[in-house]
Amino acid sequence: MADSETTTRSQIVVETRGLKKTYFGKVETPVLHGIDIQVQAGEFIAIIGQSGSGKSTLLNILGALDVPTEGTVLIDGVDIATLSEDDLAALRNRVIGFVFQFHYLLDELSCLENALTPITICKGEASEDEKSYVLALLDRVGLAEQINKHPDAMSGGQNQRCAIIRALANQPKVVLADEPTGNLDSRSGNEVFNIMREMNREKGAAFIMVTHDDRLAQEADRILAIEDGWVHEIDKREHRMKLISSLNDS
Amino acid sequence: MKSSLSWIPLNWRFEARLALRYLMTGGGQTLLTIGSVAAGVIVIVFLTSLIFGIRAKLTKMLTESMPHVTVKVRDLEPVPLSEIQDLDSAMSSSRIEKKAPQLKFIDDWQHAIDTIRTVPNVRMALPAIQGQGFASKGGNPIGVSVTGADPSQQDQVSPVTKDLIAGKYVGLAADEVVIDYELAKDLSVSIGDRIRMTSSTGNTEPLSIAGIYSRGQGRGGAYVTLRTGQSLFGMGNSVNVILVKVNDLFGSDEVADRIQSLLPYEARSWSREYPSFVSSLTVQSASAYLISAFSLIASSFAIASVLIVSVLQKSKQIGILKSIGAKRSQILRVFTLEGLIIALAGSLAGAALGSLLVFLLSLPLQKTARPGHVPDQLFPVAILPVYIFGAVIAAIIATVIAAWFPAKRAASMNPVDVMR
């Protein structure tokens, strides 16, 4: 039992304990009231919720971009509150990958250069092996012909696929995706989601995806819903039934 | 992707690549910032070349034809008896009367010259006779300053040969004289004619005109050999002045002070003879520095504002870079390097264009010229490498400082705020 617990704990890549976040502006706005989640290596988790429910806030805290008001965040077993600013940058570079609603690729760099950015930030120059790895990933997502093109010469779906490969370039343990299909038409959105799912299965990186799309959420391993600053897991069967009935209604 | 930047250390390569890409894709914005730096440098190069060119020309005009330090016997100032303490109770006069100027001899001039030559910054020391006289040819005598000195040495102290419009100076015989063009005109004489030269001591020598010179500075004087000068002024083997030329013009005061401390004579530097001239040169230089500083400040503000806009435009990119692991120091380096590249490109372009402008300005000549001489430059500009180098360095420092503030702002951006 103890062994199995140890194994399970060692496979947890993201864990939060009593995570709270309050914004202190003119008005005090509590957003997260005490979040406890655990994400296993290789898991694909969808986070759903109304706009303003705190999904993106949670994702930013998990990505060490924002700090909680209370509670603990462990990434790959490390309490991020104990890390210096440079250590947090290194954590974001090597352990975490980010995909945003907008691709945020650098217009000045080509598709390949953008995909290599996490490596070049860290090492200055990518090795031949690293370049081959990233080229293979780009090929895998259908961007082999686009590697020398700049973002303005590629479609929205192609840019988002490049952004996913950028998130995977340093072989992170967890990829945080904040509505990655939110800015794409449904066809491109499906393509991007399928690629993320495939990468999740092939590369073993855990994915935490915030989405408004119930249909895509249904494809995740687990669905977490955030409501009024609290998180709870949704039974996928129930969610599926709800989804079918809402489709029938429409 | 690599190769061209392989000479840059690995831990700077990402930043250098990004800074270069930002500039290369910046188009008009990049050209505008480089142009701002270049404009600042052009102003400095042009201004310093013009002001220091004018300064050099004026200084040369004034000092070329005069010794930098003149050594002569000190004129004793009369002192009222009441100021002599020992004679407190004695009779005293309240009337102070200066002695009439007299030619005073420097008898030990050979020793004095040896001593003067040991003073640092002294290029040469020349024994000479200087006095007033009258030149005449038949009609009324005309007052003239007479200098008696060895011609070849005199040429090194206040050149005569280079201003000759006819005849010769070096190789002057004892019965020959070189006179100024205006004096020659007034006396209606030319080369080979004979004039009478009468000194203030009353001695008269008939002299033949061996050369006529013009410095374009109004009526000049007459030059004879040292021997003739001694004879004219009845000085025997003595001289009454030692003319000193120094290497660094603006170090003349120190040379004069040093000579005075070593010899019992009065040594006067050119800069103390013309204090208002020196003061106006100082004002000119200060103005040049001031205008240069203001133009640098103005271009720094222009650069800072363009870079601030650039940082604001790239705030989302900065956010994403930080979210994928770029450190604060790396972002700072990207934008500081961008500023540094702008500074290098702008200041070098400014130095080249400024030098070209100065060169072009140096070409036009004045419409009139001194008799027998080619016309002077219309703009007396001088390309001064030290000031061009200084302008480049100053522009680089100012630009990097101007770039540092927006870079710092970029580095401290919170990715969550900028990507929201």
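As the structure is a computational prediction, the values presented were derived from the model and not from experiment.

### Some remarks on the overall build of chain A
Thinking step 1. A tally of regular secondary structure across chain A gives nine helices and 10 strands.
Thinking step 2. Taking 2.2 N^0.38 as the reference for a compact globule, 250 residues should give roughly 18 Å; the C-alpha atoms of chain A span a radius of gyration of 18 Å, in line with that estimate.
Thinking step 3. Expressed along its principal axes, the backbone C-alpha trace of chain A runs to roughly 50 × 50 × 45 Å.
Thinking step 4. The proportion of buried residues among the 250 residues of chain A is 47%.

### What about the overall build of chain B?
Thinking step 1. Per the secondary structure count, chain B includes 13 helices and 10 strands.
Thinking step 2. A compact globule built from 420 residues would reach a C-alpha radius of gyration of about 22 Å, whereas chain B, at 33 Å, exceeds it by more than 25%.
Thinking step 3. Taking the principal axes of the C-alpha coordinates as reference, chain B spans close to 100 × 65 × 35 Å.
Thinking step 4. Per-residue burial for chain B yields a buried fraction of 40% across its 420 residues.
Thinking step 5. Expressed as a percentage of contacts within chain B between residues at least 6 apart in sequence, the contacts between residues at least 24 apart total 78%.

### Things to note about helix α3 (residues 85-94) of chain A
Thinking step 1. Among all positions in α3 of chain A, only Leu88, Ala89, Arg92 and Asn93 of chain A are buried. All buried residues of α3 of chain A fall inside an arc of 140 degrees around its axis, so they share one side.
Thinking step 2. Buried residues in α3 of chain A make contact with β6 (96-99) and α4 (111-123) of chain A together with α10 (315-323) of chain B.

### Quick look at the nonpolar core
Thinking step 1. One finds Ile164, Val174 and Ile208 of chain A to be the most contacted residues of the largest nonpolar core, which totals 129 residues.
Thinking step 2. Other than its neighbours up to four places away in sequence, valine 174 of chain A contacts Val13, Val14, Val39, Val95, Ile96, Ala205, Ala206 and Ile208 of chain A.
Thinking step 3. Judged by nonpolar contacts, the second largest core, of 52 residues, contains Ala125, Ile179, Val246 and Ala256 of chain B.

### Section: the domain arrangement of chain B
Thinking step 1. Assigned domains of chain B: these are domain 1 (3-63 + 278-419) and domain 2 (74-86 + 102-264).
Thinking step 2. Computed from C-alpha coordinates alone, the two centres of domain 1 of chain B and domain 2 of chain B are separated by 51 Å.

### Focus on unusual backbone geometry
Residue and element names in this part refer to chain A.
Thinking step 1. Backbone geometry places aspartate 76, a non-glycine residue, at a positive phi of 55 degrees.
Thinking step 2. For aspartate 76, the position within the fold is in the loop between β4 (70-75) and β5 (78-79).
Thinking step 3. With 17 C-beta atoms counted inside 10 Å, the residue aspartate 76 sits in the partly exposed group.

### Topic: the sheet that holds strand β7 (residues 174-178) of chain A
Residues and elements named next belong to chain A.
Thinking step 1. With respect to topology, six strands assemble into an open sheet ordered β6-β7-β8-β3-β9-β10, the strand pairing being mixed. The sheet is open, and its two edges are formed by β6 and β10 (230-234), each paired on a single side. The average undirected angle you get between the axes of adjacent strands in this sheet is 20 degrees.

### Thoughts on the interface of chain B and chain A
Thinking step 1. Between chain B and chain A, the residue contacts involve 22 residues of the former and 26 residues of the latter.
Thinking step 2. Listed by contribution, the elements that provide at least two residues to the side of chain B that touches chain A are α1 (10-24), α10, α11 (328-362) and α13 (415-419) of chain B.
Thinking step 3. In terms of residues, the side of chain B that touches chain A owes the most to one element, α1 of chain B, which gives six residues.
Thinking step 4. A class-by-class count of the residues in the side of chain B that touches chain A yields 10 nonpolar, six polar and six charged.

### Let's talk about the pairing of strand β8 (residues 206-210) of chain A
Residue and element names in this part refer to chain A.
Thinking step 1. Taking burial as the measure, the five residues of β8 include five buried ones, the bulk of the element.
Thinking step 2. Burial along β8 is two-sided: the residues Ala206, Ile208 and Val210 and Phe207 and Met209 are all buried.
Thinking step 3. With four bridges connecting them, strand β3 (residues 44-49) and β8 associate as parallel partners. Residue pairing for β8: isoleucine 45 is matched across the bridge by isoleucine 208.
Thinking step 4. Two elements, β7 and β8, share five bridges in a ladder whose sense is parallel.

### Here's the deal with the environment of isoleucine 297 of chain B
Thinking step 1. Within the secondary structure, isoleucine 297 of chain B is located in helix α9 (residues 275-313).
Thinking step 2. Each C-alpha atom of the pair isoleucine 297 of chain B and serine 310 of chain B lies 20 Å from the other, and the pair is 13 residues apart in sequence.

### With respect to α1 of chain B
Thinking step 1. Helix length check: α1 of chain B (15 residues) gives 21 Å between terminal C-alpha atoms against 21 Å at 1.5 Å per residue, within 8%.
Thinking step 2. All of the buried residues along α1 of chain B are Phe14, Glu15, Ala16, Arg17, Leu18, Ala19, Tyr22 and Leu23 of chain B.
Thinking step 3. Looking at the buried side of α1 of chain B, the elements it contacts are α4 of chain A together with α2 (28-64) and α11 of chain B.

### Things to note about the packing of α4 of chain A against helix α6 (residues 156-168) of chain A
All names here are of chain A.
Thinking step 1. Put simply, α4 and α6 touch, their axes get as near as 6 Å, and they point 30 degrees apart. With respect to each other, α4 and α6 are oriented roughly parallel. Both α4 and α6 take part in a crossing whose hand is right-handed. Where α4 abuts α6, its residues Cys111, Asn114, Ala115, Thr117 and Pro118 lie against Cys162, Ile165 and Arg166.

Rules behind the numbers
- Residues numbered from 1 in each chain as written.
- Chains lettered and ligands numbered in written order.
- Predicted model: local features only at pLDDT ≥ 70, side-chain atom pairs only at ≥ 80, totals over all residues.
- Helix = DSSP H or I, 4+ residues; strand = E, 2+ residues; numbered from the N terminus.
- Rg over C-alpha atoms; globule rule 2.2 N^0.38 Å.
- Buried ≥ 20, exposed ≤ 12 C-beta atoms within 10 Å, placed from the backbone.
- Contact = placed C-beta atoms within 7 Å.
- Arc of directions from axis to C-beta.
- Core = buried A, V, L, I, M, F, W, Y, C linked by C-beta atoms within 7 Å.
- Domains from an automatic or database assignment.
- Pairing = 2+ DSSP bridges.
- Axes fitted to C-alpha atoms, helices over the stretch in contact; angles between N-to-C directions.
- Nonpolar A, V, L, I, M, F, W, Y, C, P; charged D, E, K, R; others polar.
- Expected span 1.5 Å × (residues − 1).
- Parallel < 35°, antiparallel > 145°, perpendicular 65-115°, else oblique.
- Left-handed = near helix turned anticlockwise from the far one by under 90°.

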